[in-house]
Amino acid sequence: MSGQPETFTPYDSADYLTGIDDQAFITHALGVIARSENVSELARRIGMSREGLYEALSSDGNPSFATT
């Protein structure tokens, strides 16, 4: 170790989007966000069932932008 402080560069997910599977990436990110909160409450607020929201945001789901 050199005794120098470690430096970091800013990270921005947008730098890594390529356009090739961005919809799946966005769906996954929205699913992570939804699961970090109360999914039942979120589903109620947007007029979906909890199960429907989980399905739409799953890796097998195919949500429209209207859903997300």
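Quick summary incoming for the structure in this document. (Residues numbered from 1 in each chain as written. Predicted model: local features only at pLDDT ≥ 70, side-chain atom pairs only at ≥ 80, totals over all residues. Heavy atoms only, no water.)

### Details of the overall build of the chain
If you tally the helices and strands in the chain, you get 3 helices and 0 strands. Residue burial in the chain is summarised as follows: out of 68 residues, 13% are buried. (Helix = DSSP H or I, 4+ residues; strand = E, 2+ residues; numbered from the N terminus. Buried < 20%, exposed > 50% of the residue type's maximum accessible area, 1.4 Å probe, protein only.)

### A short note on a nonpolar patch on the surface
Residues L17, F25 and I26 make up a contiguous nonpolar surface patch of about 240 Å² in total accessible area. In this fold, L17 is placed in the segment before α1 (22–36). (Patch = residues over 30% accessible without salt bridge, like charges linked within 9 Å, V, L, I, M, F, W, Y side chains within 5 Å. Areas by Shrake-Rupley, 256 points an atom, 1.4 Å probe, with all protein chains shown as cover. Salt bridge = Lys/Arg side-chain N within 4 Å of Asp/Glu carboxyl O.)

### A closer look at α1
Between its terminal C-alpha atoms α1 stretches 21 Å, which fits the 21 Å expected from 15 residues at 1.5 Å a residue. When we look at burial in α1, the residues that qualify are T27, G31 and A34. Down the axis of α1, the smallest arc covering the buried residues is 65°, so these residues share one side. Residues I33 and S36 are exposed on α1 and point more than 90 degrees away from its buried face. (Expected span 1.5 Å × (residues − 1). Arc of directions from axis to C-beta.)

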